[in-house]
Amino acid sequence: MKIFILLALSVMLSKCSPSNDTTDPTPTPTPTPTPVVKNQVDFWLTKGNQSVSLQKQSGIIAFGTAYNMHPNIEINDAQTYQSVDGFGYTLTGGSAQVINQLNAQKRQELLQELFGTTGNAISVSYLRISIGASDLDAAPFTYNDLPTGQTDLNLDKFSLAPSKNDLIPMLKEIVAINPKIKIMATPWSPPLWMKDNNSFIGGSLQPKYYGVYAQYFVKYIQKMKEEGITIDAITPQNEPLHPGNNPSLLMTALQQADFIKNHLGPAFKAADNKIKIVIYDHNCNKPEYPIAVLNDAAANAYIDGSAFHLYEGDISALSTVHNAFPTKNLYFTEQYTSSTGSFDGDLKWHVKNVVIGSMRNWSKTALEWNLANNGSFGPHTPGGCTTCKGALTINSSDSFTRNVGYYIIGHVSKFVPAGSVRIASNISGNLNNVAFKTPEGKKVLIVENDGNSTEIFNIKYKGNWFATSLEAGSVGTYIW
């Protein structure tokens, strides 16, 4: 009996003693990993106070469906509008001259930044140049200047020599960096011997020289081609209703229609070139000018479209012309920022009107005026623009400043290449915007907060959205 009790006690003690087996009979649940949210949208920002200038933001942005009360900008890529030819500037002779004052290394770095496609490049894709001098050259000239009283009906003395020191060599370098860049060329004045006042300022083209002036365009295009520079489009005259500039020419709508249908168009056809003829190239306050030219059926047959500036009028003038002639293209080709303007004011106005406004009104291009000048806003002709501020100021052989025009264009040129298509987006309150689909299929939305306070809003696409915000006067570009 004693033995039995001891055995029973031993068994009980063994059951109560800690086991040497460390295995927990009940498995511990594996914690659910926190989902990793990946960035789906790149966001580049410029603030009107210049504390942030075309900088990529580091925060994670992802689409979702969490409800909020913010207003929506909704993107619809099933609704498409015009294709894009590009964004950029006018490369004046003066621009080329001052950029060439940089040392070789700094100059090459700048050209890569402007026209390259990698790193910090803003990828300018479209340039406008002058046929002869603009008012932002050091002096007026054409490519067929002769002593008073002489003529050159066969254009035997035609020469690109005045542009061979600065403009043409720079264009060659630019084309080497971006062979696909498009170039529009426009004259400020014909050769003086063709004009009725024998002056660079004002006057009209004499009808007896319409034919030879058409050949002047043909020869220019051919000679530029020999230099390795392909011209994509021309306009017959810069600002044809502003004959007070130096250089300049008065050319009425009737005169332009006559010149195109009877001379320039047939000359281009005979030369078998495919250069686009783009009419008007002046302010939005006179849409009746391009409409009158396009109403001439014989001229219309040679015309690709119309070009506009916005020193007067409203950007909606482009849609007025589009509605009258929906098969003709539209181009926004010039707007300057002033030496007396402010960064914040110019950023808001130009992004709203030149970039967003022109694109929402069917333009294929958005171009600011002068690419570069010096600290004195030169060079310019006597009587030429003294307050036109370049996108860049060249300070010395190794220094330049990026001005507001650089950021106005950079916010779109860097992300929207030629061949992109505008897609639908709604305007919500103060949030001016325009959207594109790139050839790679990316969606790009440029938004400008035109209000006086920070705006929080959603960007919505295919049933999903994300919330974002912009301070007053700021510009954001969103890419996904």
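Residues numbered from 1 in each chain as written. Predicted model: local features only at pLDDT ≥ 70, side-chain atom pairs only at ≥ 80, totals over all residues. Heavy atoms only, no water.

1. A short note on the packing of helix 7 (residues 288–295) against helix 9 (residues 317–324)
Here is step 1: It is the contact of helix 7 with helix 9, at a shortest axis distance of 10 Å, that shows an interaxial angle of 15°. When the axis of helix 7 is compared with that of helix 9, the two are roughly parallel. For the pair helix 7 and helix 9, the crossing hand works out as right-handed. Residues Pro290, Ile291 and Leu294 of helix 7 pack against Thr320, Val321 and Ala324 of helix 9.
Here is step 2: Considered class by class, the residues forming the contact of helix 7 with helix 9 number five nonpolar, one polar and no charged. (Axes fitted to C-alpha atoms, helices over the stretch in contact; angles between N-to-C directions. Helix = DSSP H or I, 4+ residues; strand = E, 2+ residues; numbered from the N terminus. Parallel < 35°, antiparallel > 145°, perpendicular 65-115°, else oblique. Left-handed = near helix turned anticlockwise from the far one by under 90°. Contact = heavy atoms within 4.5 Å. Nonpolar A, V, L, I, M, F, W, Y, C, P; charged D, E, K, R; others polar.)

2. Section: the pattern of salt bridges
Here is step 1: Evaluated as defined, the whole model comprises 14 salt bridges.
Here is step 2: In this structure, arginine 128 engages aspartate 281 in a salt bridge whose closest nitrogen and oxygen atoms are separated by 3.1 Å. Linking arginine 128 in strand 5 (residues 126–131) with aspartate 281 in strand 8 (residues 276–284), this pair joins segments that are 153 residues apart in sequence.
Here is step 3: With a relative accessible area of 0%, aspartate 281 lands in the buried category.
Here is step 4: Salt-bridge contacts for aspartate 450 lead to lysine 352; the nearest nitrogen and oxygen are separated by 3.1 Å. (Salt bridge = Lys/Arg side-chain N within 4 Å of Asp/Glu carboxyl O. Buried < 20%, exposed > 50% of the residue type's maximum accessible area, 1.4 Å probe, protein only.)

3. Topic: the environment of threonine 235
Here is step 1: Note that threonine 235 resides in the loop between strand 7 (233–234) and helix 6 (253–271).
Here is step 2: With relative accessibility at 0%, the residue threonine 235 sits in the buried group.
Here is step 3: Residues threonine 235 and serine 306, 71 residues apart in the sequence, show an inter-C-alpha distance of 8.6 Å.
Here is step 4: Other than its neighbours up to four places away in sequence, threonine 235 contacts Met184, Ala185, Thr186, Pro187, Phe217, Val278, Asp281 and Ala307.
Here is step 5: Engagement of the side chain of threonine 235 in a polar contact is seen with the side chain of threonine 186, the distance being 2.3 Å. (Polar contact = N/O pair within 3.5 Å; in protein donor to acceptor, adjacent residues only side chain to side chain.)

4. Comments concerning helix 7
Here is step 1: Buried within helix 7 we find Tyr289, Pro290, Ile291, Val293 and Leu294.
Here is step 2: Where helix 7 is buried, its residues meet helix 6, strand 8, helix 8 (297–300), strand 9 (303–313) and helix 9.

5. Section: the state of the cysteines
Chemically, a disulfide is nothing more than a covalent bond linking the sulfur atoms of two cysteines.
Here is step 1: By the definition in use, this model includes one disulfide.
Here is step 2: Here cysteine 385 engages in a disulfide with cysteine 388; their sulfurs sit 2.1 Å apart. Because the sign of the S-S torsion sets the handedness, a value of about 100° for the bond joining cysteine 385 and cysteine 388 places this disulfide among the right-handed ones.
Here is step 3: The exposure class of cysteine 385 is buried, given its relative accessible area of 16%.
Here is step 4: The thiol of cysteine 284 is unpaired, and the distance to the nearest cysteine sulfur, on cysteine 388, comes to 17 Å.
Here is step 5: A relative accessible area of 3% places cysteine 284 in the buried class. (Disulfide = S-S within 2.5 Å.)

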